[in-house]
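Residue strings, one per chain:
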Amino acid sequence: MTFLKIITYLGIFVFALAGAFKARGAKLDVFGGLVVAFVSAYGGGTLRDLLLGVKPVNWINDNLAFALVFAGTAVTFLVKDKVNNFRRTIFFTDAIGLGLFTAAGIEIALRNGTNEIYGLVMGVITATFGGLIADIFCGYPPLLLRKGELYATACAAGGIFSFSSINTLALPKILT
Amino acid sequence: MTFLKIITYLGIFVFALAGAFKARGAKLDVFGGLVVAFVSAYGGGTLRDLLLGVKPVNWINDNLAFALVFAGTAVTFLVKDKVNNFRRTIFFTDAIGLGLFTAAGIEIALRNGTNEIYGLVMGVITATFGGLIADIFCGYPPLLLRKGELYATACAAGGIFSFSSINTLALPKILT
Amino acid sequence: MTFLKIITYLGIFVFALAGAFKARGAKLDVFGGLVVAFVSAYGGGTLRDLLLGVKPVNWINDNLAFALVFAGTAVTFLVKDKVNNFRRTIFFTDAIGLGLFTAAGIEIALRNGTNEIYGLVMGVITATFGGLIADIFCGYPPLLLRKGELYATACAAGGIFSFSSINTLALPKILT
């Protein structure tokens, strides 16, 4: 499995967790939680693939990704913790996911022929769009737009990581 | 006209009705009602086609589908009934549409190369996404996420119908 | 630069302004404002391109479009005016953008093989979808659905302009 695949699957899992916690916080049932977890985990990469013209989108027939979302939702709905404690969990999983997905999004965009500016735009879309839609589905005001600086910082971190270390460390592994 | 086409057009009409009733309940004008009816009827199939990479999406230049949505909206806005009575109508049209669209969505996904798991995912997306967006457009909390079990049941019914009877009864007709 | 390009860039700029003003009115920070300006300016054309199967979508690697959205957002957030005065500005920029984008959307749809009915549908989608999503992102009830007649009128004006004058005045320039 390439480095890019590993960070993508990690990102899918943490975003599924973040989405399922959001859904529980909004008092959705387990089926609603599964939908929100899916949207959180797949939403950003899906929009990126649609915009780039990658077809069909990356996760079609990816049973591992499906299993990760399913497992993330199941874990979340089995935890007996109080909902208040979710806030910190959502914050941390979201921040980790943002960095991972920004890096992965930039990498995939550049490979599909975007320039650096639109590579960054695609990285940000990959990282933020799933959580944005999940917020809207749960009836929350979109956190991305309220706490923009926070998101911008996390994305910038992922972006710098991508433009620097991925290219030097990971590309040799990816190309082989 | 194939069996698949017939259930798709039936689904478009009942979802257009459900969307237009939702719009009237939310006190939208007739133009807003037409937009919501469109989104209800076309939304799920559109997302499925985009995800599968079917291009252009199925309804482009389909004047019959356009006429059905138009007719459904016109009927809804001409009815003089009280808004309270709409609830049951929306419930029934939604339930019928869910079953029809799940079956059609699975069928189209499998033909486009998804495995069974993602066939089911595409069936659920086809059936539920239009109503979800229509709810958000009308400012309602998305019913799909609140009454998940209900939707899951209707989709499962459509799915079982699809995996069993379509394959035995309808495929011969479709293939000819 | 063709006539079609010019009205598209004009539309992008005025919709970016309208989006950024909406975001300021909703008390979003400058990063949130940039996201909403992007969605306002790019949203409608993006959905049209996805539906028509144009890939990748028109604005990928279009640095001028990016600069216009960036400039529109910067101008909006530097203005020291009171938020109340924004209403009229949003109204006028929206109305101008609607006419421009309806005309451009119809033109692009017809070139991509839609019939007249779906050309008009695509024109309306191009003109209205960005503002609709921007409203939802800002937590406003979608204005399109509340003031449908207003939007319908502006779109109709753009449509009539498109079907009449573009074809006689502009097409010769576009084709050369």
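A quick note: this is a predicted structure, and the numbers were derived from the prediction, not measured.

What counts and how
- Residues numbered from 1 in each chain as written.
- Chains lettered and ligands numbered in written order.
- Predicted model: local features only at pLDDT ≥ 70, side-chain atom pairs only at ≥ 80, totals over all residues.
- Heavy atoms only, no water.
- Least-squares fit on C-alpha atoms with pLDDT ≥ 70 in both.
- Contact = heavy atoms within 4.5 Å.
- UniProt positions renumbered as here; feature names shortened; annotations may be inferred.
- Helix = DSSP H or I, 4+ residues; strand = E, 2+ residues; numbered from the N terminus.
- Buried area = accessible area lost by both parts, 1.4 Å probe.
- Salt bridge = Lys/Arg side-chain N within 4 Å of Asp/Glu carboxyl O.
- Buried < 20%, exposed > 50% of the residue type's maximum accessible area, 1.4 Å probe, protein only.
- Phe/Tyr/Trp six-rings, centres within 6.5 Å; stacked < 30°, edge-to-face > 60°.

Note on the chain copies: they are related by a rotation about an axis and a translation along it. The two copies are related by a screw motion: chain A maps onto chain C through a turn of 120 degrees and a shift of 0.0 Å along the axis, at an RMSD of 0.0 Å. These values place the two chain copies in the arrangement generated by a three-fold rotation axis. Taking C-alpha positions as the reference, the residue of chain A nearest the rotation axis is Leu 50 of chain A, at 4.2 Å. Residue by residue, only 9% of the interface of chain A is reproduced at the interface of chain C, so the copies engage with different surfaces.

Residues and elements named next belong to chain A. Under the local residue numbering, the UniProt record ascribes the feature "transmembrane region" (unreviewed entry) to residues 6-23, 30-47, 59-79, 91-111, 117-138 and 150-171. Between the end C-alpha atoms of residues 59-79 the distance is 27 Å, and the span holds 76% helix and 0% strand. Helix makes up 100% of residues 117-138 and strand 0%, and the two end C-alpha atoms of the span are 32 Å apart.

Let us now look at the interface of chain A and chain C. Each partner contributes to the interface: chain A provides 22 residues, whereas chain C provides 24 residues. Summing both sides of the interface, chain A and chain C together bury roughly 1900 Å²; the carbon and sulfur share of this comes to 68%. It is Leu 51, Tyr 118 and Leu 145 of chain A in chain A that bury the most area against chain C; as a group they hold 36% of the surface buried on that side. In this structure, the connection of chain A to chain C is made through zero salt bridges.

Among the structural elements, Val 57 of chain C can be located in the loop between helix H2 (30-52) and helix H3 (63-78). Its relative accessible area of 2% is what places Val 57 of chain C among the buried residues. Val 57 of chain C sits 15 residues away from Tyr 42 of chain C along the chain, and the two C-alpha atoms are 9.8 Å apart. Once residues within four sequence positions are removed from consideration, Val 57 of chain C is found in contact with Leu 51 of chain A together with Thr 46, Asp 49 and Leu 50 of chain C.

On to the packing of aromatic side chains. With the rule as written, the count across this model stands at 21 aromatic pairs over all chains. Between the aromatic rings of Phe 66 of chain A and Phe 70 of chain A, the centroid separation amounts to 6.0 Å while the plane-to-plane angle is 25 degrees, which identifies the pairing as stacked. Remark: Phe 70 of chain A and Phe 66 of chain A occur in helix H3 (residues 63-78); sequence separation between them is four residues, near one turn of the helix. The exposure class of Phe 70 of chain A is partly exposed, given its relative accessible area of 45%. Both rings, one in Phe 15 of chain B and one in Phe 101 of chain B, keep their centres 5.0 Å apart while their planes meet at 65 degrees; by these two values the pair is edge-to-face. Residue Phe 15 of chain B is found in helix H1 (residues 3-25), and its partner Phe 101 of chain B is found in helix H4 (residues 86-111); the two are separated by 86 residues along the sequence. For Phe 15 of chain B, a relative accessible area of 4% puts it in the buried group. Clustering of aromatic rings is evident, with ring pairs tying together Phe 38, Tyr 42, Trp 59, Phe 66 and Phe 70 of chain A together with Tyr 118 of chain B.

A separate point is the interface of chain B and chain C. Listed as interface residues are 24 residues of chain B and, on the opposing side, 22 residues of chain C. Carbon and sulfur atoms make up 69% of the surface buried where chain B meets chain C, a total of about 1900 Å² over both sides. When the area that chain B buries against chain C is broken down by residue, the three leading residues are Phe 31, Asn 61 and Phe 137 of chain B, summing to 30%. Across the chain B-chain C interface, the total number found is zero salt bridges. Mapped onto the side of chain B that touches chain C, the elements with two or more residues apiece are helix H2 (30-52), helix H3 (63-78) and helix H5 (116-138) of chain B. Among the elements that line the side of chain B that touches chain C, the one with the most residues is H2 of chain B, at seven residues.

All names here are of chain A. Counted by the stated rule, this structure contains nine salt bridges over all chains. Between Arg 48 and Asp 49 there is a salt bridge, and its shortest N-O distance comes to 3.0 Å. Of the two residues, Arg 48 and Asp 49, neither departs from the other in class, the shared state being buried.

Here the focus is unusual backbone geometry. With an omega of -10 degrees, the peptide bond between Lys 55 of chain A and Pro 56 of chain A qualifies as cis. Relative to the assigned elements, Pro 56 of chain A resides in the loop between helix H2 (30-52) and H3. A positive phi angle, close to 60 degrees, is found at Lys 27 of chain B, a residue other than glycine. Along the chain, the position of Lys 27 of chain B falls in the loop between H1 and H2.

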